[in-house]
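Breakdown of the fold
These are the residues of each chain, in order.
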Amino acid sequence: MPDLARARQRRPETASILDHVSEDSISIRPATAPDQNGISRLIREARLNPRDLDWRRFVVADADGTLIGCVQIRVHARGTRELASVAVTPDGRGTGIGGRLVESILAQEPGVVYLMTRRETAGYFERFGFRQIDAADAPPDFRRQYRIGQAITTVVSPLARRWIRIVPMRRESDRS
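Read on for a plain summary of the structure. Just so we're clear, the structure is a prediction, and the values are computed from it rather than from any experiment. (Residues numbered from 1 in each chain as written. Predicted model: local features only at pLDDT ≥ 70, side-chain atom pairs only at ≥ 80, totals over all residues. Heavy atoms only, no water.)

**Notes on helix α2 (residues 36–45)**
What α2 keeps buried is the set Q36, G38, I39, L42 and I43. End-on, the buried residues of α2 take up no more than an arc of 165 degrees, which puts them together on one face. The outward face of α2, more than 90 degrees from its buried face, is lined by the exposed residues N37 and R44. Tucked into the core, α2 has its buried residues touching β2 (58–63), β3 (66–75) and β4 (81–88). Directly beyond the C-terminal end of α2, a positive phi value near 60 degrees is found at R47. (Buried < 20%, exposed > 50% of the residue type's maximum accessible area, 1.4 Å probe, protein only. Helix = DSSP H or I, 4+ residues; strand = E, 2+ residues; numbered from the N terminus. Arc of directions from axis to C-beta. Contact = heavy atoms within 4.5 Å.)

**Looking at the packing of aromatic side chains**
A complete count under the given rule lists 5 aromatic pairs for this structure. Between Y114 and F142, the ring centres sit 5.0 Å apart and the planes meet at 35 degrees, which makes this aromatic pair tilted. Here the residue Y114 occupies a position in strand β5 (residues 112–118), and F142 occupies one in helix α5 (residues 140–160), the gap between them amounting to 28 residues. Taking relative accessible area as the criterion, Y114 reaches 5% and is therefore assigned buried. The interplanar angle of 65 degrees and the centroid separation of 5.4 Å between the aromatic rings of Y124 and F128 together place this pair among those described as edge-to-face. (Phe/Tyr/Trp six-rings, centres within 6.5 Å; stacked < 30°, edge-to-face > 60°.)

Read these as layout, nothing more, since geometry by itself doesn't imply function.
Pasting the structure below:
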């Protein structure tokens, strides 16, 4: 992970909690019940799907008592596992915190994990072993959520004044 001071030097325009913490003081840990409000706040600020945010499935990044990132493994109706809710505060983006969160939660996941992401961020997740798949090759419970996501982005795209497209991805662990 890049040194946080160097990361902040690239974006000096705002003050941040990251100005006052070192890389060593950022802990990646399982979420606890008191983290629920912080997780919800991070997801809202990142404009991600706020559905099904149960702190028990999350791993968080904590900088001196302030949540600066989160990620979860969402379990669908038939047991399909999905990497979801990857969010980092604007000040923490580009510092490697998101990657540390994803690596941490995937290390606990033997077997297949799915992901829905915007087309422009698919390359980011390829470094964690995810590959784009055809939606028809996904399990029915994940495929259903993907179709719902497509419908929502079709409606939201004109409001956002940009074309939002999501892609399904899959990762198979060597530990499966």
